[in-house]
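# Chain and residue survey
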Amino acid sequence: MKELSYTLLTDGSSDKVLLPILTWLLQEYLSDRAIQSEWANVRGLPKLPKKLSLSERIEIAIEYYPCDLLFVHRDAEREPRENRVAEIQQAVKEAGASVPVVCVVPVRMTEAWLLFDEVAIRTAADNPNSKRSLQLPHKARVENEPDPKELLYTVLREASELGGKRRKKFKVNDRVHRVAELTDDFSPLRQLSAFQALEADIQQIIQNCGWNRI
């Protein structure tokens, strides 16, 4: 089986949760390929300045994490998605990127894309048989959540049904990554404009590079 390797460059380490989502999307269109993923831990590399521009980080990611495709992530937060995309595209141009690049810009924060699979959330909280209502937002409206990260943390704690000291020791950051890993189907996210744009960009890159014809 032929392979396709990609590298994900993110704002922070917590955004590694995007890896299962990106792999799922690529497999939707390249089912005959083995998808290999890597997170670019640029800040963890030795002998590099602590403060790097986005274009410098892109250069380093490509050098240290060779790939066929580079995903560059920025959260939209309070900016329009178009602004973040423009920032990434300018940085890609400055970096002289030698591989195709796709922008990954969730509205608000990455965690908004993990607020829909109750089974994955309950399982990630080590309480798969929980019946407690989790009060998840409607799938089509998760992009409107003012703080999706805090909401996901709250939902995971509620799903655990832990109390007292055990609740305080509950490592919610680790559980967020488990939610992404345990989600088998990300198609519900196709209701969201930012996800639609990401999928369209991936389809275009695949077509431009001819990966679906090789």
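Right, let's walk through the structure included here. Values in this document were obtained by computation on a predicted structure and should not be read as measured data.

On to unusual backbone geometry, then. You will see that Glu 77, though not glycine, has its phi angle at about 50°, which is positive. Along the polypeptide, Glu 77 turns up in the loop between strand E3 (69-73) and helix H3 (81-95).

This paragraph deals with the pairing of strand E2 (residues 33-39). Regular strands place side chains that alternate from one sheet face to the opposite one. In terms of strand pairing, strand E1 (residues 2-9) meets E2 through seven bridges, oriented parallel. Within E2, the position partnered with Ser 5 by the bridge is Gln 36. In this fold, the crossover linking E1 to E2 by way of helix H1 (residues 18-29) has right-handed handedness.

With respect to the element layout, Glu 118 can be found in helix H4 (residues 118-124). The exposure class assigned to Glu 118 is partly exposed, which follows from its relative accessible area of 35%. Note: C-alpha distance between Glu 118 and Arg 132 (14 residues apart in sequence) is 11 Å. Apart from the residues within four sequence positions on either side, Glu 118 is in contact with Leu 134 and Leu 136.

In this section: the packing of H1 against helix H8 (residues 193-209). At their nearest, the axes of H1 and H8 sit 10 Å apart, and the two run at 50° to each other. Taken as axis vectors, H1 and H8 run oblique relative to one another. Here H1 runs over H8; the crossing is right-handed. On H8, the residues that touch Ile 21, Leu 22, Trp 24, Leu 25, Leu 26 and Tyr 29 of H1 are Phe 195, Leu 198, Glu 199, Ile 202, Gln 203 and Ile 206. Its residues assigned to classes, the contact of H1 with H8 comprises ten nonpolar, one polar and one charged.

What counts, and at which threshold
- Numbering of residues starts from 1 in every chain and runs along the sequence as written.
- Residue-level local features of this predicted model are given only where pLDDT is at least 70; pairs of side-chain atoms are given and counted only at 80 or more, and the full residue set underlies all totals for whole chains, interfaces and linings.
- Only heavy atoms go into the side-chain values, all of them from the structure, while hydrogens and water stay out.
- The helix and strand labels rest on DSSP assignments: H or I over at least four residues marks a helix, E over at least two residues marks a strand, and numbering proceeds from the N terminus.
- A pair of strands is labelled paired if DSSP reports no fewer than 2 bridges between them.
- A clockwise path from the first strand over the helix to the second, with the strands pointing away from the viewer, defines a right-handed crossover.
- A 1.4 Å probe rolled over the protein chains alone gives each residue an accessible area, and that area as a share of the maximum for its type sets the label: buried under 20%, exposed over 50%, partly exposed in between.
- By definition, residues are in contact when any of their heavy atoms lie within 4.5 Å.
- To get an axis, fit a line to the C-alpha atoms, keeping to the stretch in contact for a helix; angles then go from 0 to 180 degrees between the N-to-C directions.
- Under this scheme an angle from 65 to 115 degrees is roughly perpendicular, one under 35 degrees roughly parallel, and one over 145 degrees roughly antiparallel; angles in between are oblique.
- The hand of a helix crossing depends on one turn: near helix anticlockwise from the far one by less than a right angle means left-handed, and clockwise means right-handed.
- Gly is put with the polar residues, along with every residue not named as nonpolar or charged; the nonpolar set is Ala, Val, Leu, Ile, Met, Phe, Trp, Tyr, Cys and Pro, and the charged set is Asp, Glu, Lys and Arg.

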